[in-house]
Amino acid sequence: MLPPETGLDAWLRYAPLSETLRSQHKQLSHIVALSDGSADPVSVAGQELQEGIRKILGHSLTVSSRHDGASSDSAIVVGTVSAFQKSGLSAAVQSLPALEEDGFWLDSGDGNGAHIVGQNERGALYGAFEYLSLLAQGKLASATVRKAYNPGASIRYVNQWDNLDENCPHGSIERGYGGKSIFFRDGFVLEDLSRVRQYARLLASIRINGCIVNNVNSSHELFNETNLEGLGRIADAMRPYGVRIGVSLFFDTPRGLAGLPTSDPLDPAVVKFWEDLTAKLYKRIPDMLGYTIKANSEGQPGPLTYGRTLAEGANMFARALKPHGDGIVMYRAFVYNHHLDEADLKNDRANAAVEYFAHLDGEFEDNVIIQIKFGPIDFQIREPPSPLFAHLRKTPVICEFMVCQEYLGQQSHYVYMAPEWETILGFDMRIDGKQSLVRDIAGGKVHGWKRSGYAAVTNVGDDSTWLGHHLSMSNLYAYGRLCWDATEPAQDILLDWIRLTFSAENSTVIDTIRDIGMESWPTYEAYSGNLGIQTLCDILYTHYGPSPGSQDGNGWGQWTRADDKALGMDRTAATGTGNAAQYPPEVAARFENIETTPDDLLLWFHHVPYTHKLKSGKTVIQHFYDAHYDGSQNAQTFPKRWASLKGLIDDARWEHVAFKLAYQAGHSLVWRDSVNNFYLAKCGIPDEKNRVGNYRWRIEAESMQLEGYEVVDVTPREAASGGRAVVASSPTKATATTRNPFPTGKRDIAVNYYDHTGGHARYEILVDGKVVGQWTGDLDTRLLHAFSEHVDGHSATRVYFRGVEVKEGAEISVVGYPDGKDKAPLDYISLLPEGVVD
Ligand code: GCW
């Protein structure tokens, strides 16, 4: 049996190679880490190499900080170019290819000693991690690597949306699904920052060089004296790994913290306040990377609040940073009016970034960088790139991704997002009619920017899995890899991650997880929102489960404009919001024309009848129905495929993932039925295959004989089969009973119920008086996504009892034992013949 693993070391677990592979490696003599200190990246590299080589190969090596001539020939030497030169190793670095900042040279040396040479200390550490990654994957057993590695972008940051929670003891993270904050608790920086150190280690191994540690919805309390000291400790914990920290600012801090009458960016007292605060921060964090700013967005104050331009606001911070080094302002382009009037067909949230920022190009200080979400709306299952990427020429940009899956299943569903990010990174904007891929814009190549790149909202938490789902860590890993080299294929990255995380050598493990991973995004798209309509989750509450109706009828602007005849946003210049015309002419022409708009973005750019024929020949509505059936059907195969890995990976991680994938399979059916029934009710066009609304093996709870249960209408209606469910009216026990109307046979009994916060109801299911299954509604403490308090599409879920012999006419009862606010809600049962999914 393989020893249980928690996931804490993620892809840095350094699992032992098989004896066969181990025997192909020569014994190295020792490690030389050319460093003068004990907490700098080079000495960390030395320790990491020592630990990694011991675990992977079983070789114990000593680490010295000096190179001592001939005896070092079979050593592994790590250091900067200049340290190599100073240590009598000039020959080794004489004819190296050019190395850029953070770059490195790796010569794995035929097993006879190796050289890892960083352009700087950070680069040296990256080189050590690269060496260990190759070693752990068995890639150095038969090959020698001699290669220079240079970054595709200088900014490779993560953003944490951790709250200070000064008013409530929580450690919460906005849109965090991996436990509590590893940075803050109850208004202050945590005393114990050991997880922060471990996080920095993971980040360094994927060459992330910066971390913004607090929520963009910030608080002025971040800057009280205790927290200034605490931020310094965070920086100290991350610095040995080459990770610099930055902070998110609350625009109204001058008023809130210093009691100034205004936070007007042109007011001398306000300017002075920020200068002083910045000086204080640098005193404690001399290498602070800068400030992230969310202003005039979703209720946040900002320069517009004081009658100033966004550039005037950004520049105030930029000037405050300048005397202290290379600090930057990462000014978020996520500025929009969330009280938009849907009745006006010209209104469009997708237009906001260009409208607010394009004309300011040239007005920003040279240390202001505009941080743009990858799409025009908000991390949806599919979006085109933000048109703002094509407008800023003088002002460098950061392309913002989201590693945590806010709109994509919140780590209770697995979605490997690198393939989606690739559609953005590889998109050609055709600026001035020339090739201008988003990755070349963000990487600085198109406009010759020195500092630009990527940020991702990661939101790891204190759960040992970091993100709440072992498989979701493939997203953090892939994000780092793409920041460094955005041309790497998503599948290659996934394969490396699997070899490092689960098994370097077992092809069943590697192939199975690769297939699940590569299918996961198209699968989730198929059972959520298709054809560019957006994800269709509930945008007014937890952003998790299905609620297609929530998109419209409010000011948030994530509209679909679905009525009984047609759906989709008309974003054309000819008849719609004009958003298509925000792209450079060639791209604009493609999106303006329905014929040249790809099907997967059809409803993003066009308002079409449900009967509109796609390029596939299907109608839009039939595509919706089919995709939801196909996608959820595929999700049913994930647990089965995962089951084939039992014993091939450790039980602890196997069980965790098995539980998540089984849950996902059940919830994918909730998605399928909710979305399909919603659109069937809207347009009245039946499914050609007659599946939607017809569930042959289903028995509705509201049609059963009820004792202690009462029937309720569910909101939204489509979140319950038939629009209704039952909840206990009795505080102690409720029973729903029926008789099996189907022929005698073995059945997979599926029970659809609701698991929300407020209590853990227990349930039993009996056939002819015999208990055939029991469970507790405690998903709200086992899954870490944002849970609902209600009976709805978020809490709807399914449990199975398989292979139960049920006689025709047998009495079947579900008994619920309510607990607190959890009134043991029940939607339906299905008595499925083996192999049938419904
Ligand atoms: O996607 C939305 C989220 C908000 C978030 C905002 C942003 C931090 O729902 O929770 O606020 O984006 O990016 O600022």
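The preceding data block contains the structure.
The structure displayed is predicted, hence computed values, not measured ones.

## Notes on the overall build of the chain
Consideration 1: Broken down by element type, the chain carries 21 helices and 29 strands.
Consideration 2: For the chain, the C-alpha atoms occupy an extent of roughly 90 × 65 × 55 Å along the three principal directions.
Consideration 3: Counting every position in the chain, which comprises 838 residues, the buried fraction comes to 64%.
Consideration 4: Contacts spanning at least 24 positions in sequence make up 74% of the contacts within the chain whose residues lie at least 6 apart.
Consideration 5: For the chain, the computed accessible surface area is about 29,200 Å², with 50% contributed by carbon and sulfur atoms.

## Looking at the sheet that holds strand β4 (residues 104-107)
Consideration 1: What the 6 strands build is an open sheet, ordered β2-β1-β3-β5-β4-β6; its pairing is mixed. Each edge of the sheet is formed by a strand with only one pairing partner; in this case those strands are β2 (63-64) and β6 (146-149).
Consideration 2: On top of the sheet, helix α2 (residues 41-57) reaches β1 (31-33), β2, β3 (76-80) and β5 (114-118); it is set at about 160° to β3, its chief contact.

## As for the site of the ligand
Consideration 1: The full set close to the ligand counts 15 residues, and E174, K294, K373, D378 and E406 are the nearest of them.
Consideration 2: Contact distances for the ligand include 2.8 Å between an oxygen atom and a side-chain N or O atom of R175.
Consideration 3: Here the ligand has 340 Å² of accessible area as a free molecule, and 98% of this is covered by the chains.
Consideration 4: Here the residues of the shell around the ligand sort into 4 nonpolar, 3 polar and 8 charged.

## Considerations on the environment of G468
Consideration 1: Looking at the secondary structure, you find G468 in the loop between β16 (453-457) and α14 (473-484).
Consideration 2: It is 7.9 Å that separates the C-alpha atoms of G468 and S412, two residues lying 56 residues apart in sequence.
Consideration 3: Setting aside chain neighbours within four positions, we find G468 in contact with Y177, G178, Q411, D463, H656, K660 and L784.

## A word on the pairing of β3
Consideration 1: Burial runs high along β3: 5 of the 5 residues are buried.
Consideration 2: Relative to β5, β3 runs parallel, the two sharing 5 bridges. Within β5, the position partnered with G79 by the bridge is V117.

## Quick word on the environment of D827
Consideration 1: Its location among the elements puts D827 in strand β29 (residues 826-833).
Consideration 2: Each C-alpha atom of the pair D827 and R724 lies 7.2 Å from the other, and the pair is 103 residues apart in sequence.
Consideration 3: There is a polar contact of 3.0 Å between the side chain of D827 and the backbone nitrogen of S721.

## Observations regarding the nonpolar core
Consideration 1: Formed by 210 residues in total, the largest nonpolar core has its most connected members in W11, Y131, Y199, M238, W642 and Y679.
Consideration 2: With 10 residues, helix α5 (residues 121-136) is the single largest residue contributor to this core.
Consideration 3: Not counting chain neighbours up to four residues away, the residues in contact with M238 comprise F183, V196, Y199, A200, L203, C211, V243 and I245.
Consideration 4: In terms of nonpolar packing, the next biggest core, distinct from the first, is built from 36 residues, A701, M704, A750 and W775 among them.

## Some words on the packing of aromatic side chains
Consideration 1: Evaluation of the coordinates by the stated rule reveals 35 aromatic pairs.
Consideration 2: Through pairs of rings, three or more aromatic residues link up here, namely F251, F273, W274, Y291, Y306 and F317.
Consideration 3: Here the guanidinium or amino end of K373 rests over the ring plane of F334, the centre of that ring lying 3.4 Å away.
Consideration 4: One cation-aromatic arrangement involves R802 over Y800; the distance from NZ or CZ to the ring centre is 3.9 Å.

## Looking at the pattern of salt bridges
Consideration 1: One pass over the structure, following the stated rule, counts 57 salt bridges.
Consideration 2: R146 is the partner of D107 in a salt bridge, and the nearest nitrogen-oxygen pair spans 3.1 Å. Taken as a pair, D107 in strand β4 and R146 in strand β6 lie far apart in primary sequence, 39 residues in all.
Consideration 3: What makes D107 buried here is its relative accessible area of 15%.
Consideration 4: Judged by relative accessible area, which is 48%, R146 ranks as partly exposed.
Consideration 5: For R782, the salt bridge is made with D778, and the minimal N-O distance between the two is 3.9 Å.

## A closer look at the state of the cysteines
Consideration 1: Counting across every chain of the model gives 0 disulfides.
Consideration 2: Looking at the unpaired C404, the closest cysteine sulfur is the one in C537, lying at 13 Å.
Consideration 3: Taking the relative accessible area as the measure of exposure, C537 reaches 1% and is therefore buried.

## A look at the sheet that holds strand β14 (residues 368-373)
Each strand in a sheet pairs with its neighbour through backbone hydrogen bonds, running either in the same direction (parallel) or in the opposite one (antiparallel).
Consideration 1: Spatially, 8 strands are ordered β7-β10-β11-β12-β13-β14-β15-β16 in a closed barrel, and the strand pairing comes out parallel. Adjacent strand axes in the sheet meet at a mean angle of 25° when their direction is disregarded.
Consideration 2: In terms of strand pairing, strand β15 (residues 397-402) meets β16 through 5 bridges, oriented parallel. Bridge pairing links F401 to A456 in β16.

## Remarks on the pairing of strand β23 (residues 734-739)
Consideration 1: β23 sits mainly inside the fold: 5 of its 6 residues count as buried.
Consideration 2: Pairing of strand β20 (residues 705-707) with β23 involves 3 bridges; the strand directions are antiparallel. By the bridge assignment for β23, Q705 is matched with T737.
Consideration 3: Examined bridge by bridge, β23 and strand β28 (residues 811-817) share 6 bridges and lie antiparallel to one another. Within the sheet, the bridge partner assigned to T738 lies in β28 and is I812.

Analysis parameters
Residues numbered from 1 in each chain as written. Predicted model: local features only at pLDDT ≥ 70, side-chain atom pairs only at ≥ 80, totals over all residues. Heavy atoms only, no water. Helix = DSSP H or I, 4+ residues; strand = E, 2+ residues; numbered from the N terminus. Buried < 20%, exposed > 50% of the residue type's maximum accessible area, 1.4 Å probe, protein only. Contact = heavy atoms within 4.5 Å. Areas by Shrake-Rupley, 256 points an atom, 1.4 Å probe, with all protein chains shown as cover. Pairing = 2+ DSSP bridges. Axes fitted to C-alpha atoms, helices over the stretch in contact; angles between N-to-C directions. Near = heavy atom within 4 Å. Polar contact = N/O pair within 3.5 Å; in protein donor to acceptor, adjacent residues only side chain to side chain. Nonpolar A, V, L, I, M, F, W, Y, C, P; charged D, E, K, R; others polar. Core = buried A, V, L, I, M, F, W, Y, C linked by side-chain atoms within 4.5 Å. Phe/Tyr/Trp six-rings, centres within 6.5 Å; stacked < 30°, edge-to-face > 60°. Lys NZ or Arg CZ within 6 Å of the ring centre and 35° of its normal. Salt bridge = Lys/Arg side-chain N within 4 Å of Asp/Glu carboxyl O. Disulfide = S-S within 2.5 Å.

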